[in-house]
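Coordinate inspection notes
The primary structure of each chain is shown beneath.
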Amino acid sequence: MADQGVDSYGTYGEGGGYNGCGYQADYPPQEEDAASDVTEGHDEEDQMYEGEYQGIPHPDEVKAAHRAARAKARAAGNAVSELEELSQQYEDIMEDCGHGKFQWTLFVVLGLALMADGVECFVVAFVLPSAEKDLCLSNAEKGMLGLIVFLSMMVGAFVWGGLADKVGRRRCLIEALAINCVFGFLSSFAQGYGFFLFFRLLSGIGIGGTVPIVYSYFSEFLQMDKRGEHLSWLCMFWMIGAIYASFTAWCIIPRYGWGFTMGTEFQFHSWRVFVLAAACPAIASLVGLTFMPESPRFLLEQNAKHDEAWMILKQVHDTNWRAKGQPEKVFTVTHIKAPKTAEDEFIEIQSPTGTAVQRWAVRSLTLCKLVLRNMTSLLSAELRFATLFMAIIWFCMAFSYYGLSVWFPDMIKHFQFEEYESKVKVFHKERVENFHFNFSLENQIHKEGEYIHDKFISIEMKSVKFEDSLFEDCRFEDIKSTDTVFENCTIHSTVFYNTDLWEERFINCWMENTTFVHNKHGCHLDTEEENDVLIYLVSFLGSLAVLPGNIISALFMDKIGRMKIIGGSMLISAGCSFFLFLGFSQSAIIALQCLFCGVSVAAWNGIEVVTVELYPASKRATAFGVLNALCKLAAVLGSSIFASFVGITEVIPILLSFTALVCGGLVALRLPDTREKILL
């Protein structure tokens with residue numbers, strides 16, 4: 001087996017090295033006069049490692065010991081598979097490349113893509129209060145619009161995750177972001193509900209692929225001792241995306257003057273400007289990705305692309321050491337060779353045959369088969385339990401997190417509605433004659449009233465209800481109404497001029513000699529601020545509360561371990577949900593939401609890190625995509641179930657979230673420790 005591994009993978013470097021693997025561990029010695037400008041003027045004895053006095057080994061010594069242990073394992077031959085040998089050699093290369101400018105540049109570019117995913121989750125929620133008026137949305141249409149976000153992202157995660165393992169991380173991420181940008185842009189100009197829904201659907205399918213690809217992509221440029229911490233730092237960009245979305249919505253949407261109108265058919269209000277602004281992170285990431293290379297670990301899995309992988313690894317090495325002021329460091333790997341897979345051969349045999357259409361059809365069919373085969377392999381004997389455990393953890397976490405994320409704002413709205421209803425003014429059997437109403441009516445109920453020769457001109461009616469009332473020879477002119485109805489009323493010789501009072505506003509009413517002139521057609525966005533600023537504030541505070549949890553999880557991810565981070569955070573989050581029994585108020589709900597988000601983010605970070613580490617490179621993005629799709633399904637179920645109990649009971653949502661978090665946390669404690677695991 002040892003000989004086969006050497007024949008299959010070739011050698012690293014020329015001459016001696018790691019027990020037949022030919023990896024040159026040390027850089028070529030330099031002559032005394034060849035010292036770089038960076039080290040000039042420094043004596044080697046002066047550059048003593050400060051931990052030496054405390055008996056702490058130098059980090060380079062630790063890496064050398066790990067590398068020697070891996071070399072010893074490779075020398076055992078039968079104890080190391082071909083995949084493990086390639087993984088160990090790749091880890092050695094990444095250690096020599098170091099962590100520096102290249103990884104930080106990629107960190108920002110991929111972070112912007114993750115930021116775009118965070119923005120996408122909030123776009124529809126923020127624009128709905130304005131869009132429902134602008135697009136004349138019913139309650140069912142609003143529900144479908146909110147649902148389509150998670151359903152489209154679920155499809156996107158499933159499809160793009162599978163393709164990324166066969167087509168490439170960089171290519172799939174570019175295509176996914178491009179789809180998101182194009183259809184996100186078009187959705188801002190859509191004037192009808194159908195087109196807006198369709199464009200948001202395609203936009204969500206595009207952005208749904210970012211999370212599975214971003215983590216798989218970035219992890220393959222990280223060495224083992226940097227992986228947990230820096231993947232956790234990357235998670236912070238999702239929080240930044242949520243903050244960006246809530247802040248820009250707060251600044252743009254209430255500014256109704258930020259738009260234009262072309263006749264009566266085309267209107268571009270401020271909420272559409274926000275939809276355009278929401279695409280900025282995806283556009284920035286898309287531009288940055290054009291300067292980034294493909295993952296060399298992915299290329300090593302592909303036939304005839306090992307030279308390209310070598311060039312990229314050399315680029316990473318030279319970029320990092322040049323930025324550190326050590327351009328004399330030499331990339332010592334000379335050749336990388338990996339075994340040719342049967343899957344690649346199948347594509348190569350089919351590609352040259354037939355016409356261009358036939359070749360495309362065969363290649364597409366083959367690609368679909370390979371993706372589906374890769375997905376079914378997640379349930380193979382060696383991955384079955386890992387997939388089952390991760391599926392439970394992803395589902396339980398998403399069910400509780402997204403369920404409570406919807407339930408918290410809905411409960412706040414419910415408290416506001418109850419408070420608003422408690423202040424309603426009731427007028428009973430009032431008689432008003434020859435009166436000119438030139439002031440707005442709000443939160444009022446008029447029962448059995450009589451209005452004779454009255455004028456309602458240039459006023460706003462908000463949450464007004466007339467019951468069993470009589471209107472005789474009245475005039476309604478230039479009326480703007482919200483939640484205003486006439487029920488069981490008698491209306492004689494009355495004129496409605498330039499109002500938005502339609503037939504559905506009159507319930508069981510009897511009209512005689514009543515006319516409607518120049519009624520406002522369609523739905524109209526009010527020019528005064530009606531959006532509840534609290535929806536932006538709550539989202540902003542909840543996103544900002546994630547910051548401490550992000551920092552703590554990043555600093556302790558490699559010290560404590562992934563399973564303890566996940567399990568501990570989920571169990572603490574379960575405890576936080578029980579604080580809801582202590583009292584209900586708007587301020588308490590906001591405080592508990594911030595606490596819950598701040599604790600649960602550590603679990604999310606751990607889940608995403610361990611998902612990357614449990615699966616080999618050939619299945620990493622596929623597994624992440626399937627699990628992330630399951631996450632979106634849990635989000636749909638959680639948000640729907642929790643929302644249905646608003647105003648009915650608080651006990652069931654609390655118990656559901658507590659049970660799910662406890663189950664997920666206990667399962668997480670059974671996960672293996674992957675801190676010292678080399679990515680396969």
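Everything discussed here concerns the structure shown above.
Since we're looking at a predicted model, the values are computed, not measured.

Let us look at the overall build of the protein. Scanning the protein for helices and strands turns up 22 helices and 17 strands. Counting the 680 residues in the protein, one finds 50% classified as buried. Here the analysis covers contacts within the protein between residues at least 6 apart in sequence; of these, 66% occur between residues at least 24 apart. When the accessible surface of the protein is summed, it comes to about 30500 Å², and 61% of that surface belongs to carbon and sulfur atoms.

Below, the discussion takes up the packing of helix α16 (residues 384-422) against helix α21 (residues 620-643). Axis separation between α16 and α21 bottoms out at 7 Å; the angle between their running directions is 35°. The element α16 and its partner α21 pack so that their crossing is right-handed. In terms of residue class, the contact of α16 with α21 is made up of 20 nonpolar, 5 polar and 1 charged.

This part takes up the packing of helix α19 (residues 562-578) against helix α20 (residues 586-614). Between α19 and α20, whose axes approach to 8 Å, the crossing angle comes to 155°. The orientation of α19 with respect to α20, classified from their angle, is roughly antiparallel. Regarding α19 and α20, the two cross each other, and that crossing is left-handed. Residues Arg562, Ile565, Ile566, Ser569, Met570, Ile572, Ser573 and Cys576 of α19 touch α20, and the partners they reach there are Leu592, Leu595, Phe596, Val599, Ser600, Ala602, Ala603, Gly606, Ile607, Val609, Val610 and Glu613. When grouped by side-chain class, the residues that make up the contact of α19 with α20 number 14 nonpolar, 4 polar and 2 charged.

Okay, the pattern of salt bridges next. Scanning the entire structure with this criterion turns up 16 salt bridges. Where Asp165 meets Arg169, a salt bridge forms, and the shortest distance between an N and an O atom there is 2.6 Å. Of the two residues examined, Asp165 and Arg169, each falls in the buried class. Note that Lys429 is salt-bridged to Glu448, the shortest N-O span being 3.9 Å. Of this pair, Lys429 sits in the loop between β3 (425-428) and β4 (431-433) while Glu448 sits in the loop between β6 (441-447) and β7 (450-452), and the two are 19 residues apart along the sequence. Through salt bridges with shared partners, a single network forms among Asp165, Arg169, Glu220 and Arg620.

Spanning 24 residues, α21 covers 34 Å between terminal C-alpha atoms, matching the ideal 34 Å at 1.5 Å per step. α21 sits mainly inside the fold: 17 of its 24 residues count as buried.

The rules behind each value
- Residues numbered from 1 in each chain as written.
- Predicted model: local features only at pLDDT ≥ 70, side-chain atom pairs only at ≥ 80, totals over all residues.
- Heavy atoms only, no water.
- Helix = DSSP H or I, 4+ residues; strand = E, 2+ residues; numbered from the N terminus.
- Buried < 20%, exposed > 50% of the residue type's maximum accessible area, 1.4 Å probe, protein only.
- Contact = heavy atoms within 4.5 Å.
- Areas by Shrake-Rupley, 256 points an atom, 1.4 Å probe, with all protein chains shown as cover.
- Axes fitted to C-alpha atoms, helices over the stretch in contact; angles between N-to-C directions.
- Left-handed = near helix turned anticlockwise from the far one by under 90°.
- Nonpolar A, V, L, I, M, F, W, Y, C, P; charged D, E, K, R; others polar.
- Parallel < 35°, antiparallel > 145°, perpendicular 65-115°, else oblique.
- Salt bridge = Lys/Arg side-chain N within 4 Å of Asp/Glu carboxyl O.
- Expected span 1.5 Å × (residues − 1).

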